[in-house]
2 protein chains.
Amino acid sequence: MRNILLTLCYIGTAYHGSQVQANARSVTETVQDAMEIVLGRREDVKGCSRTDSGVHANRFCMNFYTQSDLPLYALKRSLNALLPEDIGVLDCREVPADFHARYSCVGKRYRYLIWNSDGKNPFYKGRALEYWRPMDLEKLRPVCEILCGTHDFRGFCSAKTDQTNTVRTLYRCEVRRQGDLVTCIVEGDGFLYNMVRILVGTLLWVNEGKLDIGQVARALKEQNRSLAGATVPACGLYLDEVFYTRPVGWDAICEN
Amino acid sequence: MRNILLTLCYIGTAYHGSQVQANARSVTETVQDAMEIVLGRREDVKGCSRTDSGVHANRFCMNFYTQSDLPLYALKRSLNALLPEDIGVLDCREVPADFHARYSCVGKRYRYLIWNSDGKNPFYKGRALEYWRPMDLEKLRPVCEILCGTHDFRGFCSAKTDQTNTVRTLYRCEVRRQGDLVTCIVEGDGFLYNMVRILVGTLLWVNEGKLDIGQVARALKEQNRSLAGATVPACGLYLDEVFYTRPVGWDAICEN
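Quick caveat: nothing in here was measured; it's all calculated off a predicted structure.

Novice: Whenever I open this one, the relation of the copies chain A and chain B confuses me. Can you help?
Specialist: Superposing chain A onto chain B takes a rotation of 180 degrees plus a shift of 0.0 Å along the axis, which leaves an RMSD of 0.0 Å. Both copies of the chain, as the preceding transformation shows, are related through a two-fold rotation axis. Using C-alpha coordinates, one finds that chain A approaches the rotation axis most closely at Phe123(A), a distance of 5.0 Å. The fraction of interface residues of chain A whose copies in chain B are also interface residues reaches 100%, indicating that both copies meet through the same surface.

Given below as structure tokens:
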């Protein structure tokens, strides 16, 4: 019995998230369909996280156990041929029996892309938030700083969360500009339902003067969702990296 | 009479290049169709260059004269609403009467994207060359260096060229890697028919050991197309920048 780790990359637009659902097409179900053809039976797969409907992934990890002795390169090539154009297998490898894509994961990085212009860029259509208001990143950086660290992020997650423990650590929260493209990068040990989209929405409200840094600190302290910004659309969000060992630099930040 | 400069961005996959053609859909014709609706008459437009069928543009400039006094923001918004999803107007401005998108241009930058992995990345499908052989950029850099400067590039252009003067200056020829994405960046005062695609094809042949640096130098010196590499597909090529003033740094390279 081998334990196989698949690293996927997908354009999430056409899918109702990563997780299998009763009445909507998901990324996992689509991958399982392709696997069933290649392996001759439907395997149970464990995903690293539950990405929302419409969210993209530069990297998404899943593992499954199989009796098949199909070589890894053949599995990868077959899956890539069978999967639709918007899902790809980047990598396929054998991992120790106790590896679990979700429980072995120590953290994740998300990226949120903002096409910050009133011009139209077809390359970012459906792949970034189109936001024309001028963005002052210098004004956002101190807000990013107070969001970093260990906090109870209940005020920054959807009321629909099923988590009872809402304490998470953000190791990195950064905004960058390259021309008209603004990228928000967050790394943390875990993320609550809609958390990244609410963090970015909060930054945009600070940008627009609807919130100031004091109010963000209060939203964090009082764990009050109604004090934080709006949830920005899924189309700009990418699961960017899944960490199975702690990246260099995280410990230093954790000590803050 | 105003002279208007439009800066476009487009995904070239669906178009037979930028230039109007008798029997195939082009980017220019598509823009003229939208302009005709907004301005009430079909205007003649001058494009900065003739991009090939399937080539993309991060920036493509065109200018036209108009009697219309429609505000520029209204022109931009209307065109963006009328244009298909794969063409966008990034910028729209008035320029001096003697400005010509092609003749005022002093140089251009192209990017060629290579998805250098045997994994499948849906984000680069149709937007990069998929090339799985390992690439040794250190081996390619000296080749990039000898291609820089002023040369007769007859050996690096399609036999179908209509140019009699095939001398061009390359100010920059660079290869970079970011993870599995390799980018070739070239800047020059002008480019011949298929020149960038043959330059990149030559680098790939050097990578594969089909050519060495001495043979590339000979192809350049003898102006012999059959000594250079293959023409790589259009899907990886982007017109990236159009220069109307000489960028800082170009003069230093020119003195070499």
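Novice: I would appreciate a short explanation of the interface of chain A and chain B in the present structure.
Specialist: Interface size is often expressed as the accessible area that is lost when the parts come together. Each partner contributes to the interface: chain A provides 26 residues, whereas chain B provides 26 residues. Where chain A abuts chain B, roughly 1900 Å² becomes buried across the two surfaces, and 61% of that area is made up of carbon and sulfur atoms. The largest contributions to the chain A side of the interface with chain B come from Lys120(A), Pro122(A) and Phe123(A), which together make up 38% of the buried area. For the pair chain A and chain B, the interface holds two salt bridges. The salt bridge partner of Asp118(A) is Lys76(B), with a shortest N-O separation of 2.8 Å. The interface formed by chain A and chain B contains twelve residue pairs in polar contact (both at pLDDT 80 or more). Where the side of chain A that touches chain B is concerned, the elements lending two or more residues are β1 (2-10), β3 (56-66), α2 (72-82) and β4 (87-95) of chain A. Class assignment for the residues of the side of chain A that touches chain B results in 13 nonpolar, six polar and seven charged.

Novice: Would you mind showing me how to read the packing of aromatic side chains here?
Specialist: Two measures describe an aromatic ring pair: the distance that separates the ring centres and the angle between the ring planes. Counted under the stated rule, the structure contains 16 aromatic pairs over all chains. Three or more aromatic residues link up through ring pairs in this structure, and these residues are Tyr171(A), Phe243(A) and Trp250(A).

Novice: Where do I start with the pairing of strand β4 (residues 87-95) of chain B in this structure?
Specialist: Consecutive side chains of a regular strand alternate in pointing toward one face of the sheet and then the other. All names here are of chain B. Burial analysis of β4 places seven of its nine residues in the buried class, the great majority of the element. As paired elements, strand β1 (residues 2-10) and β4 share eight bridges and run antiparallel to each other. Opposite Leu-6, over in β4, you have Cys-92 as the bridge partner.

Novice: I would appreciate a short explanation of the side chain of Asn121(A) in the present structure.
Specialist: Position of Asn121(A) among the secondary structure elements: in the loop between β5 (107-115) and β6 (129-130). A relative accessible area of 9% places Asn121(A) in the buried class. Apart from residues no more than four positions distant in its own chain, Asn121(A) is found in contact with Trp115(A), Cys9(B) and Leu90(B).

Rules used in this analysis
Residues numbered from 1 in each chain as written. Chains lettered and ligands numbered in written order. Predicted model: local features only at pLDDT ≥ 70, side-chain atom pairs only at ≥ 80, totals over all residues. Heavy atoms only, no water. Least-squares fit on C-alpha atoms with pLDDT ≥ 70 in both. Contact = heavy atoms within 4.5 Å. Buried area = accessible area lost by both parts, 1.4 Å probe. Salt bridge = Lys/Arg side-chain N within 4 Å of Asp/Glu carboxyl O. Polar contact = N/O pair within 3.5 Å; in protein donor to acceptor, adjacent residues only side chain to side chain. Helix = DSSP H or I, 4+ residues; strand = E, 2+ residues; numbered from the N terminus. Nonpolar A, V, L, I, M, F, W, Y, C, P; charged D, E, K, R; others polar. Phe/Tyr/Trp six-rings, centres within 6.5 Å; stacked < 30°, edge-to-face > 60°. Buried < 20%, exposed > 50% of the residue type's maximum accessible area, 1.4 Å probe, protein only. Pairing = 2+ DSSP bridges.

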